[in-house]
Amino acid sequence: MRTLDPGRLVVGISLVMVGVVAILDGADVVGWADVVADWWPTAVIGLGVAHAATDRRVSWGSGGLVVLGALLLLGTMGVFGERGLAIVWPVLLILVGTAVIVGWSLRRTVVEEPSWSRVIVASAPRLVVRSDRFERGDLTVIAGSARVDLTRTRLDAGGGRMSVTVIAGSVEVVVPEGWRVVVRGVAVLGGWDDTTSRRVGEDAPTLEVRALAVVGGVDVRHRRRWS
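Caption draft 1: Inspection of the sheet that holds strand β9 (residues 191-194) at higher detail. Spatial ordering of the open sheet is given by β1-β3-β5-β7-β11-β9, a layout of 6 strands whose pairing is parallel. On the outer flanks of this sheet lie β1 (108-111) and β9, each paired with one strand and no other. With direction set aside, neighbouring strand axes in the sheet form an average angle of 15 degrees. Where strand β7 (residues 170-175) lies against strand β11 (residues 217-222), 6 bridges are found, and the strand directions are parallel. In the strand pairing of β11, V171 is matched with V218.

Caption draft 2: Fine view of the nonpolar core. Formed by 26 residues in total, the largest nonpolar core has its most connected members in W116, L139, V148, L150, M162, V171 and L207. Sequence-distant contacts of M162, that is, excluding residues within four places in its chain, are made with W116, F134, G137, L139, V148, L150, L207, E208, V209 and R210. Counting 7 residues, the second largest nonpolar core, distinct from the first, contains V10, V44, L47 and V119.

Caption draft 3: Examining unusual backbone geometry more closely. At A168, a position not held by glycine, the phi torsion is positive, near 55 degrees. Along the chain, the position of A168 falls in the loop between β6 (160-167) and β7. Even without being glycine, L189 reaches a positive phi, approximately 55 degrees. On the basis of relative accessibility, which here comes to 77%, the residue L189 falls in the exposed class.

Caption draft 4: Molecular detail of the pairing of strand β3 (residues 126-129). Looking at chain direction, β1 and β3 are connected through 4 bridges and run parallel. From the neighbouring strand, T109 faces β3, where its bridge partner is L127. For β3 and strand β5 (residues 145-149), the ladder comprises 3 bridges, and the chain directions are parallel. Residue pairing for β5: V128 is matched across the bridge by D149.

Each value, and the rule that gives it
- Residues numbered from 1 in each chain as written.
- Predicted model: local features only at pLDDT ≥ 70, side-chain atom pairs only at ≥ 80, totals over all residues.
- Heavy atoms only, no water.
- Pairing = 2+ DSSP bridges.
- Helix = DSSP H or I, 4+ residues; strand = E, 2+ residues; numbered from the N terminus.
- Axes fitted to C-alpha atoms, helices over the stretch in contact; angles between N-to-C directions.
- Core = buried A, V, L, I, M, F, W, Y, C linked by side-chain atoms within 4.5 Å.
- Buried < 20%, exposed > 50% of the residue type's maximum accessible area, 1.4 Å probe, protein only.
- Contact = heavy atoms within 4.5 Å.

Right under this line is the structure:
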């Protein structure tokens, strides 16, 4: 059974829904501008819900996305009145600014679970993974950056997988020498790069990295000597 990649799932569903709305607009069933303008915050809510479901808990990141999306949706639906969005946006800017300050001060987080899910908004943490049998990690970064350090972990016997979704940001995935790394990526006004060594043994553990970069980048590499 395939497991859920939260960021990839929500981005994919959003693109499908935009395509459906475009078809309906062409058939004069609905108005493209009205539907997109009113309902686009549901993608933000969906991303938070998907991450909470994958991680089986509500974290600050996933819960924050749900709250953020809900406020934006109430604003676009006119619940706050005609000047609703004019009130919502300054509040959101204050919240994001606070997240930036807190996020930059909390730069290092140790992750010990074999399977985990994280969502990062407007911050730049370093995730140090220390698991004896790393299986999978799901990471979504929005308007920020992150470094995932896997050099202190061991892969599960069946291999491991990293799913990375970047929207207006960047991610570095640092892997140890001796791993076989397979990167599959989709880039929309962004890109991904894999500079890991191909000189590995036949019995080398395998890490699969699935990268989705939307106006952002994903870099999979070994630790630099000066880092």
